[in-house]
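Coordinate analysis (summary)
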Amino acid sequence: MSKKIYVENYKAFCAACCEHEGMSKENAKITAEVLCETDLFGTNSHGAKNLYGYVKKQRAGGMDFSAEPEIIQEGPAYALLDAHAGMGMVAGWKAMHMAIEKAKTCGVALVTVKNSTHFGAAGFYANLAAKENLVGIAFSNVDPNMTVPGARGMILGNNPFSYASLKFPARPCRRGRPAP
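Residues numbered from 1 in each chain as written. Predicted model: local features only at pLDDT ≥ 70, side-chain atom pairs only at ≥ 80, totals over all residues. Heavy atoms only, no water.

**A few points about the nonpolar core**
- Ranked by internal contacts, the top residues of the largest apolar core, which has 36 residues, are Tyr54, Phe65, Met87, Met89, Met96, Val111 and Tyr125.
- When contributions to this core are tallied by element, the ones reaching two or more residues are helix H1 (7-20), helix H2 (25-41), helix H3 (51-59), strand E2 (78-82), helix H4 (88-106) and helix H5 (122-130).
- Ranked by residue count, the leading element in this core is H4, at eight residues. (Core = buried A, V, L, I, M, F, W, Y, C linked by side-chain atoms within 4.5 Å. Buried < 20%, exposed > 50% of the residue type's maximum accessible area, 1.4 Å probe, protein only. Helix = DSSP H or I, 4+ residues; strand = E, 2+ residues; numbered from the N terminus.)

Below, the structure is given as structure tokens:
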């Protein structure tokens, strides 16, 4: 027998977990939105299943749930945010929303984030821009997590990349091909 989980209850649970660990109510809501929408998008590898790992990393001192992204530099069409080792979803969400507002004014915008943590599925952020009738591009660099023939260890990162527009919404890929 299968059970149903209502989306709003799912988001409320994830937000409550984040708040319990010291995240602000606003940032907990953002994190829950990104995690749950990613699951609904079908990219379960980057959804709420990771929440336990984030809490564990927070408790071990590897990230700071109370951190707030800070604007380090800013111009009409660009910005640089320092995430202060906070939740990557919060920094990613705030960066993309800042880029959207700047692009509506300038036609194009670039907002970068430093000192962040795992931000989940890049397609979530690209789709935020597409929903505003813009082309969205989101990408990240990562520590080496892949090896090559003859290597003694991990030397390459997968460095995720996503783009979306109303004509080409971001979709998860399976084995190198777009999902049906």
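Let's pick the thread back up.
**Digging into the pairing of strand E3 (residues 110-114)**
- The pairing of E2 with E3 spans five bridges and is parallel. When the bridges of E3 are listed, alanine 79 appears paired with valine 111.
- Viewed along the sheet, the connection from E2 through H4 into E3 turns out right-handed. (Pairing = 2+ DSSP bridges. Right-handed = clockwise from strand over helix to strand, strands pointing away.)

**Let's talk about unusual backbone geometry**
- In this model, histidine 84 sits at a positive phi of 55 degrees, which is unusual for a non-glycine residue.
- With respect to the helices, strands and loops of the structure, histidine 84 is situated in the loop between E2 and H4.
- Accessibility expressed as a relative area gives 35% for histidine 84, which makes it partly exposed.
- The phi torsion at asparagine 115 lies on the positive side, around 55 degrees, for a residue other than glycine.
- If you trace the backbone, asparagine 115 turns up in the loop between E3 and H5.

**Description of the packing of aromatic side chains**
- Across all of its chains, the model carries four aromatic pairs by this definition.
- Between phenylalanine 124 and tyrosine 125, the aromatic rings sit 5.3 Å apart at their centres with planes inclined by 85 degrees, giving edge-to-face as the arrangement. As far as the burial class goes, phenylalanine 124 and tyrosine 125 line up, both buried.
- Each member of the aromatic cluster is reached from another via a ring pair, and the members are Phe119, Phe124 and Tyr125. (Phe/Tyr/Trp six-rings, centres within 6.5 Å; stacked < 30°, edge-to-face > 60°.)

**A closer look at the environment of phenylalanine 119**
- As for its placement among the helices and strands, phenylalanine 119 is situated in the loop between E3 and H5.
- Taking C-alpha positions, phenylalanine 119 is 14 Å from isoleucine 137, a pair spaced 18 residues apart along the chain.
- Leaving out residues up to four positions away in the same chain, phenylalanine 119 has contacts with Val34, Gly88, Met89, Tyr125, Phe139 and Ser140. (Contact = heavy atoms within 4.5 Å.)

**Concerning the sheet that holds strand E1 (residues 70-75)**
- With mixed pairing, the three strands of this open sheet are ordered in space as E1-E2-E3. If you trace the sheet from one side to the other, it starts and ends with E1 and E3, each paired once. Between one strand and the next, the sheet's axes are offset by a mean angle of 15 degrees, whatever the strand orientation. (Axes fitted to C-alpha atoms, helices over the stretch in contact; angles between N-to-C directions.)

**Observations regarding the pairing of E1**
- In this structure, E1 lies alongside E2, joined through five bridges in antiparallel fashion. Each bridged residue has a counterpart across the sheet, and for glutamate 74 the counterpart in E2 is alanine 79.
- Between E1 and E2, which pair antiparallel in sequence order, lie two residues.

**A look at the pattern of salt bridges**
- Taken as a whole and judged by the stated rule, the model has eight salt bridges.
- One salt bridge in this structure joins lysine 94 and glutamate 68, with 3.1 Å as the shortest N-O distance. Of this pair, lysine 94 sits in helix H4 while glutamate 68 sits in the loop between H3 and E1, placing them 26 residues apart in sequence.
- Classification of glutamate 68 by relative accessible area gives partly exposed; the value is 37%.
- Through salt bridges that share partners, Lys11, Glu33 and Glu37 make up one connected network. (Salt bridge = Lys/Arg side-chain N within 4 Å of Asp/Glu carboxyl O.)

**Remarks on the packing of H2 against H4**
- Where H2 contacts H4, the axes come no closer than 9 Å and their chain directions differ by 90 degrees. When the axes of H2 and H4 are compared, the pair comes out roughly perpendicular. In this structure, H2 contributes Glu26, Asn27, Ile30, Thr31, Val34 and Leu35 to the contact, and H4 contributes Met89, Val90, Trp93 and Lys94.
- Classifying every residue of the contact of H2 with H4 by side-chain character gives six nonpolar, two polar and two charged. (Parallel < 35°, antiparallel > 145°, perpendicular 65-115°, else oblique. Nonpolar A, V, L, I, M, F, W, Y, C, P; charged D, E, K, R; others polar.)

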